[in-house]
Structure formats: structure tokens, C-alpha cells
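# Coordinate analysis (summary)
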Amino acid sequence: EPKVIVQHVAVAGSVEEVFNTFAPDHPDPELHELPNVCSHFVVGSGGGIFQLVGLRTRCRHTVGLNHRAIGIEHVGFSDRDLLGNGRQLRASLRLTRYLRCRFGIKVRDVIGHNESLRSPYHFELVPSLKHQTHGDMKRASMRVYRRKLRRLGPC
């Protein structure tokens, strides 16, 4: 059962670019091993929500959390792209609220990719990866995101 929802910024300008990055069965661009990177959902800049894989599929999107997390990618190049796009942000919040309520995930466990090392669910066996994270969806951005998520009300 998922315990965390991880928010990502795709560093891509369209849903198609995100799909084309994830679809091929080639080695992960960072770690150079199979399987390729993956995410459960992508939210387009116009607010469209696209499910890329089933929720029972373990996706490779956040080192140390793949076994417990649902990944949501957002079209854009920075945290500000998501937070500054009302249609995309509203769609993302609705999707996140639905998933959070469906799986009983606490708002505090809706995290940004950059916050992965702080999650109590983070667990990584490979020594060289134990402290690896990325810069997207930093803590300050996620404070704004979680505040807006809380405003949607309880499940």
C-alpha cells in the first residue's frame, strides 16, 4: 500500500515529452540500469491528468521511496511553473486529494522530490544512493502546495 505521494517537475514542455522519456525500455539516464524511470501520473500544463501506469506498478521515480510511493510528474521546468499555473495546480491538487483519500495518506506525506530524504518511509540499501535526491519541488514550494491541499478539506 502506498504511504507517500511524491510531486515532481518533469523538466519537459509537454505530456508527450514526458511519455517519450518514460516509454522506452532503456537504462535509466542517471543510474544507467534497467528499468527506465517511470511515474504513475503526469499533469499537463493545461490541467489534463494522464495515468501512465497502474497504481499496483512500482515506478522508479524517487530513490528510497519507490516501494511506498505514488509519483506525479508535472509538465514544466521549475517548481514555479507548477505553482504559477492555476489550471495545472488545481488539477494536481484534485488528483493528489483523490489519491490521498483513497489510500489514507496524510497531507504531511505528500512530499516534493527534494524532500525525499526526510520521509520516514525512505529506505535505500545501496550505499551510494542513500543520500541521493533531486532539486524539484523543494520544501518551500511544498509548503505552499500542502497549504492549498489542506484547504480542499478532509477526506
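This paragraph deals with the state of the cysteines. Counted under the stated rule, the structure contains two disulfides. Across a sulfur-sulfur distance of 2.1 Å, Cys38 and Cys59 are joined as a disulfide pair. One end of the pair, Cys38, is in the loop between helix 1 (15-22) and strand 2 (41-43); the other, Cys59, is in the loop between strand 3 (49-51) and strand 4 (69-74), with 21 residues separating them in the sequence. What makes Cys38 buried here is its relative accessible area of 15%. A relative accessible area of 1% places Cys59 in the buried class. For the chain, the bonded cysteines connect in the pattern 1-2, 3-4 when numbered consecutively along the sequence.

To continue, consider the side chain of Gln132. Looking at the element boundaries, Gln132 is found in the loop between strand 5 (110-112) and helix 4 (139-151). Gln132 sits in the buried class, given a relative accessible area of 14%. At 3.4 Å, the side chain of Gln132 and the side chain of His134 are in polar contact. Setting aside chain neighbours within four positions, we find Gln132 in contact with Glu30, Val63, Ser116 and Leu117.

Across the six residues of strand 4, six count as buried, placing the element largely inside the fold. Residues Ala69, Gly71 and Glu73 of strand 4 are buried on one face, and the alternating residues Ile70, Ile72 and His74, pointing to the opposite face, are buried as well.

Grouped together as the largest cluster of nonpolar side chains are 20 residues, with contacts concentrated most on Ile5, Phe41, Ile72, Leu95, Leu99, Val110 and Tyr145. Contributing elements (two or more residues each) for this core: strand 1 (4-9), strand 2, strand 4, helix 3 (86-103) and helix 4. When residues of this core are assigned to their parent elements, the largest contribution, six residues, is made by helix 3. Leaving out residues up to four positions away in the same chain, Ile72 has contacts with Ile5, Val6, Gln7, His8, Ser39, Phe41, Val43, Leu95, Thr96 and Leu99. Residues Val15, Val18, Val37 and Val75 belong to the second largest nonpolar core, which totals seven residues.

On to the side chain of Glu124. Relative to the assigned elements, Glu124 resides in the loop between strand 5 and helix 4. Here Glu124 occupies a buried position and makes no salt bridge, while the nearest side chain of opposite charge, Arg60, is found at 8.0 Å. From its side chain, Glu124 meets the backbone nitrogen of Gly64 in a polar contact 3.4 Å long. Reaching out from Glu124, the side chain makes a polar contact with the backbone nitrogen of Val126 at a distance of 3.2 Å. The contacts of Glu124, once residues within four sequence positions are left out, are Val63, Gly64, Leu129 and Lys130.

Quick notes on the rules
Residues numbered from 1 in each chain as written. Predicted model: local features only at pLDDT ≥ 70, side-chain atom pairs only at ≥ 80, totals over all residues. Heavy atoms only, no water. Disulfide = S-S within 2.5 Å. Helix = DSSP H or I, 4+ residues; strand = E, 2+ residues; numbered from the N terminus. Buried < 20%, exposed > 50% of the residue type's maximum accessible area, 1.4 Å probe, protein only. Polar contact = N/O pair within 3.5 Å; in protein donor to acceptor, adjacent residues only side chain to side chain. Contact = heavy atoms within 4.5 Å. Core = buried A, V, L, I, M, F, W, Y, C linked by side-chain atoms within 4.5 Å. Lys, Arg positive; Asp, Glu negative; His and termini not counted. Salt bridge = Lys/Arg side-chain N within 4 Å of Asp/Glu carboxyl O.

In short, the description is geometric, and any link to function would need to be established separately.
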